[in-house]
Amino acid sequence: MNYKNDQEQTLLKIIEKFQRQMDEFNKNKKQNMSVVLLVGVTGSGKSTIFNFQSGADFIINDKKQLEIKNPSNNFSKMFGGMNSITKEPNFYHNSQNNHLIIDFPGFQDTSGDWDQLLFELLFYKIVTSGPIKIIYVIKNPENSLPNRGSDLQEFIKQICLQGRINIQKFNLILNCYLEELSDEELQNSVKEDLRAVNILQSIDKILVLRKAKKNDEIQTIFNNQQRQTLWQQIEQMQSIKIQPQKLPKSEIISEYLRYTTLKTIEKYGSGLCDIFDNKYTQLTDAQNRATQVQMQKLLDVIKKENKGSPLDWYINFISICEQLATNLTAKSDLANSSNNFKKIFTYFSQFSDLIKGYDEMKIIKSIAEDQLNKIEKIISTRIAFLKKAEQDKAAISKIESEKYALQRNINQSQSQIKSLQKQIASSEWEHNQEIKQLKTQMESAQKQHNNLDVYEQRERQLQIQRQEEEIKMLKDQLNEFKQQKQNEQNLKQTINYYNQKIGQMEKEIEDIKKKPIPKSSSNDSSCQLI
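Residues numbered from 1 in each chain as written. Predicted model: local features only at pLDDT ≥ 70, side-chain atom pairs only at ≥ 80, totals over all residues. Heavy atoms only, no water.

Labelled according to an unreviewed UniProt entry, the protein chain appears under the name G domain-containing protein, originating from Paramecium pentaurelia.

In structure tokens, the structure reads:
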């Protein structure tokens, strides 16, 4: 599996994780509930504060680390140091004040860009779901902000427009303080640091949570009274509405969209041309007609100005290409290769204002249209051939129908001839029998005539004449039957004529089938996109 496929599979996993965690958030968030979001860099102590506010009690273990005294599956894991333990949001609902507090994964997480991308997407979706109280936790053991509050400055840039005047305020917790200043003195010192870097106007409340180094200090810092005091301070915080202005790790998505869009368009453009060139002479009539309709739709997508979004244009293009691939019985990897891309593209479009790749789609659409226009001539040529092939098939079908009709007439004529032959044979036999009988009677009469007197001979002569007339009449009838035989010969000649005409039509069919397939010039037949 190459890098791009790995990237695609990772984005699909992020979609799955993101949706699952957002479902968990929506399940925990009830109507009219205040939402409190604990944020900060990895190792700042967010999970400790979350567990304390969720009801955890602490002790100092043998390694001189803070440990939960009353473990629960509802608490967040601790002891991460600079290695993040919290990999997804954890939720606790305080029913007394109707607050939902969220332990959010650390910014600048050490697990890599992919986890940071997921955290940024979750942060954006949660803070834009409605009014929210944001508490930024800073590990602040000394009397001044570490690194002049550089992490805090970057966080503010991420969620606020540059030059914005009415900045919504959020809150700070200075965690793990070890020095001797009072809470108020530390707060004033930090305010001066914030004023120096021009971010004090973004801060509302500043709370202080000291570090417990010994077990006897635990009861002073992490007792139930302090827990309730901290909850009261949280209740007094102002819920704000914010709209983050960037997703720093979203370039991962932009790179994928940019690369895959152009590659997919190129793949379909050249791939469908190659498949069509190899199979368009083997299509059934139904496939032929369907291919013409789909090819024309594809040309319309290429030619016509699309007033919809680039995503609509792209999905429309891919949909038509998939129909073509299916109609041409293309391999499934071509017909189904865009499914993952469409899923990723559609899913992350909810963040399109913050992902540069979606703005670039307008440029990519223009580039893709230029590339696709290069295959227009090839597709048009193929459509013309399909129409000509359909006309030829219609002509062949017409000739076949005429041939069938002629053959049916011949069969009927042959049946009539056989019937006449039988009738002639039967009549001829009957007449021959009558002639034989008359000749026998004549011979008998002739013998009798020699023994009769003149009178009787005359009478006999008259009788002979009558019999000869009857013989003549029978001979005339026999001649009529012979004439019918002549008509039979004429029918046979008609059959021969029809047979000759059938042979001529069959030759025409073979000539049409042997017509050479028109070939495009070397420049036109290329399906490669430049």
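Caption draft 1: Region of interest: the overall build of the protein chain. Counting its secondary structure elements, the protein chain contains 15 helices and 8 strands. Residue burial in the protein chain is summarised as follows: out of 530 residues, 42% are buried. For the protein chain, the exposed area adds up to about 30000 Å²; of that, 46% sits on carbon and sulfur atoms. (Helix = DSSP H or I, 4+ residues; strand = E, 2+ residues; numbered from the N terminus. Buried < 20%, exposed > 50% of the residue type's maximum accessible area, 1.4 Å probe, protein only. Areas by Shrake-Rupley, 256 points an atom, 1.4 Å probe, with all protein chains shown as cover.)

Caption draft 2: Up close: the pattern of salt bridges. Inspection of every chain in the model, using the stated rule, returns 8 salt bridges. As a salt-bridge pair, Lys249 and Asp113 come within 3.1 Å of each other at their nearest N and O atoms. Residue Lys249 is located in the loop between α7 (224–236) and α8 (251–279), and its partner Asp113 is located in helix α3 (residues 113–127); the two are separated by 136 residues in the primary sequence. Using a relative accessible area of 44% as the deciding quantity, one classes Asp113 as partly exposed. (Salt bridge = Lys/Arg side-chain N within 4 Å of Asp/Glu carboxyl O.)

Caption draft 3: Broad picture of the pairing of strand β4 (residues 90–94). Here β4 runs beside strand β5 (residues 99–103); their pairing, made up of 5 bridges, is antiparallel. Counted as the bridge partner of Asn94 is His99 from β5. Hairpin connection from β4 to β5: 4 residues lie between these consecutive antiparallel strands, with Asn98 at a positive phi of about 55°. (Pairing = 2+ DSSP bridges.)

Caption draft 4: Layout of unusual backbone geometry. One non-glycine residue with positive phi stands out, namely Asn32, at about 65°. On the secondary structure map, Asn32 appears in the loop between α1 (3–28) and β1 (34–39). A positive phi angle is found at Asn98, which is not glycine, with a value near 55°. Assignment of secondary structure puts Asn98 in the loop between β4 and β5.

Caption draft 5: Fine view of the packing of helix α2 (residues 46–53) against α7. α7 packs onto α2 with a crossing angle of 105° between their chain directions and a minimal axis gap of 10 Å. Overall, the two elements α2 and α7 adopt an arrangement that is roughly perpendicular. Residue-level inspection shows Ile49, Phe52 and Gln53 of α2 in contact with α7, the latter providing Gln226, Arg227, Leu230, Trp231 and Ile234. Taken together, the residues that form the contact of α2 with α7 break down as 5 nonpolar, 2 polar and 1 charged. (Axes fitted to C-alpha atoms, helices over the stretch in contact; angles between N-to-C directions. Parallel < 35°, antiparallel > 145°, perpendicular 65-115°, else oblique. Contact = heavy atoms within 4.5 Å. Nonpolar A, V, L, I, M, F, W, Y, C, P; charged D, E, K, R; others polar.)

Caption draft 6: Quick peek at the sheet that holds β1. If you walk across this open sheet you meet the 6 strands as β4-β5-β1-β6-β7-β8, and the pairing is mixed. The open sheet has two free edges, formed respectively by β4 and β8 (203–210), since each of these has just one partner strand. When the angles between neighbouring strand axes are averaged without regard to direction, this sheet yields 20°. Both β1 and strand β6 (residues 133–139) contribute to a ladder of 4 bridges, which runs parallel.

Caption draft 7: Up close: α2. Summarising burial for α2: 8 of the 8 residues are buried, a large majority. Inspection of α2 places Lys46, Ser47, Thr48, Ile49, Phe50, Asn51, Phe52 and Gln53 among the buried residues, and these make up the whole buried set. Phi turns positive, to about 110°, at Gly55, one or two residues after α2.

Caption draft 8: Just the nonpolar core, in detail. Within the largest apolar cluster, 73 residues are counted, with the highest numbers of intra-cluster contacts made by Phe123, Leu152, Phe170, Leu194 and Phe348. The element best represented in this core is α3, accounting for 9 residues. Residues contacting Leu194, with those up to four places away along its chain left out, are Leu145, Leu152, Leu172, Ile199, Leu200, Ile203 and Ile206. (Core = buried A, V, L, I, M, F, W, Y, C linked by side-chain atoms within 4.5 Å.)

Caption draft 9: Structural detail: the side chain of Glu8. With respect to the helices, strands and loops of the structure, Glu8 is situated in helix α1. Not counting residues within four places of it along the chain, the set of residues in contact with Glu8 comprises Tyr256, Asn340, Phe341 and Ile344.

Caption draft 10: Expanded view of helix α5 (residues 183–196). Here α5 spans 20 Å end to end across 14 residues, near enough to the 20 Å set by a 1.5 Å rise per residue. For α5, the set of buried residues is Leu186, Val190 and Leu194. End-on, the buried residues of α5 take up no more than an arc of 75°, which puts them together on one face. Turned more than 90 degrees from where α5 packs its buried face, Glu184 and Ala196 sit exposed. Buried positions along α5 lie against α4 (150–159), β7 (170–177) and β8. The first or second residue beyond α5 is Asn198, which carries a positive phi of 60°. (Expected span 1.5 Å × (residues − 1). Arc of directions from axis to C-beta.)

Caption draft 11: Representation of the packing of aromatic side chains. Inspection of the entire model under this criterion finds 14 aromatic pairs. Relative to Phe341, the ring of Tyr256 has its centre 5.8 Å away and its plane inclined at 40°; by these criteria the two rings are tilted. Of this pair, Tyr256 sits in helix α8 while Phe341 sits in helix α12 (residues 339–348), placing them 85 residues apart in sequence. Overall, the relative accessible area of 1% leaves Tyr256 in the buried class. Three or more aromatic residues joined by ring pairs form one cluster here, namely Phe18, Tyr124, Tyr347, Phe348 and Phe351. Over the aromatic face of Phe351 sits the side chain of Lys125, whose NZ or CZ is 5.8 Å from the ring centroid. (Phe/Tyr/Trp six-rings, centres within 6.5 Å; stacked < 30°, edge-to-face > 60°. Lys NZ or Arg CZ within 6 Å of the ring centre and 35° of its normal.)

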